[in-house]
Amino acid sequence: MFVRKILNYFTGYVKIKVEGFFIERFINMCISKKILLMNIEREKSTIMYANVGVDDYKKLKQIAKKTKSQIKIQSKKGLPFTMYKYRKRKIFLLLFILAIIGTIISSNYIWNVEIIGNVKISTEEIMRSLEESGLTIGTSKNDINTNYIINKIRLSREDIAWIGISIKGTNAVVKIKETNKAPNIIDENKYCNIIADKTGMITKINVQNGTAVVKVGDIVKEGDILVNGYLEGKYTGIRYVHGTADIEAKIWYTKKEKAPLTQQIPIQTGNEEKKYSIKFKKNQINLFKTLSKFEKYDTINENKKIMLFSNFYLPIEILKTTNKEYKLQEITYTEDELIQILAEKLKTELLQEIKETNNIINVNINTNSENEYVEVEVTYEVLEKMGKEQEINI
């Protein structure tokens, strides 16, 4: 069906209006004659609109006569009609032909890479590995050795268990499966201490190998030794070991901010301007003046790759820039309002830093107000694993 529609575009098609009391019979006869009616729309019970190919349109007269229907052409569409319309515009015709030739040539290259299956590994990181292995935007499909790329990435990355690459049109689909984190293998011949990798208060320490230096309740700073990598016996003396321990600590995450009660707040006016650019590979053509007509505005950028149909991308991107105007409005908050606003802002920022949000045990909010200013400090107390290895040089 899709191929038939494409062919109809190149051969031309017309939008028709069919009027009569036997519309269903008209449709059934078209189906029996293998006449494709596209985008059928019904108006009342006696009127129908549809698109039909030029060659098929010639066959409709006999069907219309048998079903006592009237057919009228509403519009003509497709390549032949477009060519006829611009037959006197030689430059347009030349550009059109060049565009077709360019499309055919570009079909031999990769213009989009789609990555599927990555969760822990960022798309940007995978793209770098693909580029280093020979798969980049603009690469000729004849120059791509998928087996070589797959093997090179699997040998160079331990976090990818499986990778598959398939070329569809001008689109390269890369599917990956990430590995589960391998357990740490302890080298008994590597002697090391365990040191603090952050500042906090020890809440649990269970030493499997080595000598504990701290106890529950001690405050430690980053870099302090928690477990010495040796054992000392009355008769054996000092024996160096690979220190191992299960250590947990209370960690404090703190942020502070000060703000005036009276502030200039940006308020959207509802006015916006949209500007477009065309990007071909690394070259960009701006279809607008660089300067905005707004004095103050927020900018939103969107990129859209040109795609003729599924998996057939062109080396062209449309860049859309939207500028939304705002004006500054003076607002005076009460102390309670500003404390709440600052506290919520600081909480959001801190939660982005905390990896184990389920282990938060307490939240402290301290405030101070003076001279028309409010200062807010938010502290999260979190239970986290503590400690990292520090090799002992003997």
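So, here is what we can say about the structure in this document. (Residues numbered from 1 in each chain as written. Predicted model: local features only at pLDDT ≥ 70, side-chain atom pairs only at ≥ 80, totals over all residues. Heavy atoms only, no water.)

Glancing now at the environment of L261. Structurally, L261 is set in the loop between strand 15 (244-260) and strand 16 (262-280). Placed 237 residues apart in sequence, L261 and E24 show a C-alpha to C-alpha distance of 72 Å. Residues in contact with L261, not counting those within four places in the same chain, are I331, T332, Y333, T334, E335, L338, E372 and V374. (Helix = DSSP H or I, 4+ residues; strand = E, 2+ residues; numbered from the N terminus. Contact = heavy atoms within 4.5 Å.)

Once that is clear, we can look at a positive patch on the surface. A cluster of basic residues, R25, K33, K66 and K68, forms a positive patch at the surface. Within the secondary structure layout, R25 lies in helix 2 (residues 23-32). (Patch = residues over 30% accessible without salt bridge, like charges linked within 9 Å, V, L, I, M, F, W, Y side chains within 5 Å. Areas by Shrake-Rupley, 256 points an atom, 1.4 Å probe, with all protein chains shown as cover. Salt bridge = Lys/Arg side-chain N within 4 Å of Asp/Glu carboxyl O. Lys, Arg positive; Asp, Glu negative; His and termini not counted. Charge placed at Lys NZ, Arg CZ, Asp CG, Glu CD.)

This part covers the side chain of S129. As for its position among the elements, S129 is in helix 7 (residues 123-133). Excluding residues within four positions of it along the chain, S129 makes contact with I153 and R157.

Let's shift gears to the packing of aromatic side chains. All told, the structure shown has three aromatic pairs when counted by the stated rule. With centroids separated by 5.9 Å and ring planes inclined at 40°, the aromatic side chains of Y109 and W111 adopt a geometry described as tilted. Judged by centre distance (6.2 Å) and plane angle (35°), the rings of Y191 and Y240 are tilted. Separated by 49 residues along the polypeptide, Y191 in the loop between strand 7 (171-178) and strand 8 (192-195) and Y240 in strand 14 (residues 237-240) bring together distant segments of the chain. By relative accessible area, Y191 is classed as partly exposed at 30%. (Phe/Tyr/Trp six-rings, centres within 6.5 Å; stacked < 30°, edge-to-face > 60°. Buried < 20%, exposed > 50% of the residue type's maximum accessible area, 1.4 Å probe, protein only.)

A few words now on the sheet that holds strand 15. Overall, antiparallel pairing links the five strands, which are arranged 11-9-15-21-20 in an open sheet. Looking at the sheet topology across the chains shown, the edges are occupied by strand 11 (219-220) and strand 20 (360-370). In this structure, strand 9 (residues 200-209) lies alongside strand 11, joined through two bridges in antiparallel fashion. Pairing of G200 across the sheet is with V220, part of strand 11. (Pairing = 2+ DSSP bridges.)

Turning next to the pattern of salt bridges. A complete count under the given rule lists 17 salt bridges for this structure. Residues D246 and K204 are paired through a salt bridge, measuring 3.3 Å at the closest nitrogen-oxygen approach. Taken together, the residues span a long stretch of sequence, with D246 in strand 15 and K204 in strand 9 at a distance of 42 residues. Residue D246 is classed as partly exposed on the basis of its relative accessible area, which comes to 25%. In this structure, the salt-bridge partner of E344 is K347, at a minimum N-O distance of 4.0 Å. Linking E344 with K347, this pair stays in helix 9 (residues 335-353), spanning three residues, or about one helical turn. Ionic contacts of the salt-bridge type, sharing partners, join the residues E125, R157 and D159 into one network.

What follows covers the sheet that holds strand 7. Read from one edge to the other, the open sheet built from three strands follows the order 5-7-6, with strand pairing classed as mixed. Looking at strand neighbours, the two that pair on one side only are strand 5 (112-116) and strand 6 (160-168), the edges of this open sheet. Pairwise comparison of adjacent strand axes, ignoring direction, gives a mean angle of 20° for this sheet. One ladder, built from eight bridges, connects strand 6 with strand 7; its direction is antiparallel. (Axes fitted to C-alpha atoms, helices over the stretch in contact; angles between N-to-C directions.)

Residues L94, I97, L98, I101, I105 and Y109 make up a contiguous nonpolar surface patch of about 530 Å² in total accessible area. Relative to the helices and strands, I101 resides in helix 6 (residues 90-106).

What follows deals with the side chain of E381. As for its position among the elements, E381 is in strand 21 (residues 373-385). Excluding anything up to four places from it in sequence, E381 contacts K250, I251, W252, N359, I360, I361, N362 and N364.

Among all positions of helix 8 (residues 146-156), only I149, I150 and I153 are buried. End-on view of helix 8: buried residues confined to an arc of 100°, all on one side of the axis. Opposite the packed face of helix 8, turned more than 90 degrees from it, sit the exposed residues N147 and L155. In this fold, the buried residues of helix 8 make contact with helix 7 and strand 6. The backbone nitrogen of N147 lies 3.3 Å from a side-chain oxygen of the residue at the head of helix 8, namely N145. (Arc of directions from axis to C-beta. Polar contact = N/O pair within 3.5 Å; in protein donor to acceptor, adjacent residues only side chain to side chain.)

Turning our eyes to something else, we now look at the nonpolar core. Membership of the largest hydrophobic core comes to 28 residues, with the highest contact counts inside it found for L226, V376 and M386. Breaking this core down by element, the ones donating at least two residues are strand 12 (225-228), strand 15, helix 9 and strand 21. It is helix 9 that contributes the most residues to this core, six residues altogether. Core analysis: the second largest hydrophobic core is formed by 18 residues, I121, L135, I150 and I153 among them. (Core = buried A, V, L, I, M, F, W, Y, C linked by side-chain atoms within 4.5 Å.)

Turning to unusual backbone geometry, a few remarks are in order. Even without a glycine there, the phi angle at K44 is positive, about 60°. Overall, the relative accessible area of 69% leaves K44 in the exposed class. The phi angle at N371 is positive, at roughly 50°, despite the residue not being glycine. By the element assignment, N371 lies in the loop between strand 20 and strand 21.

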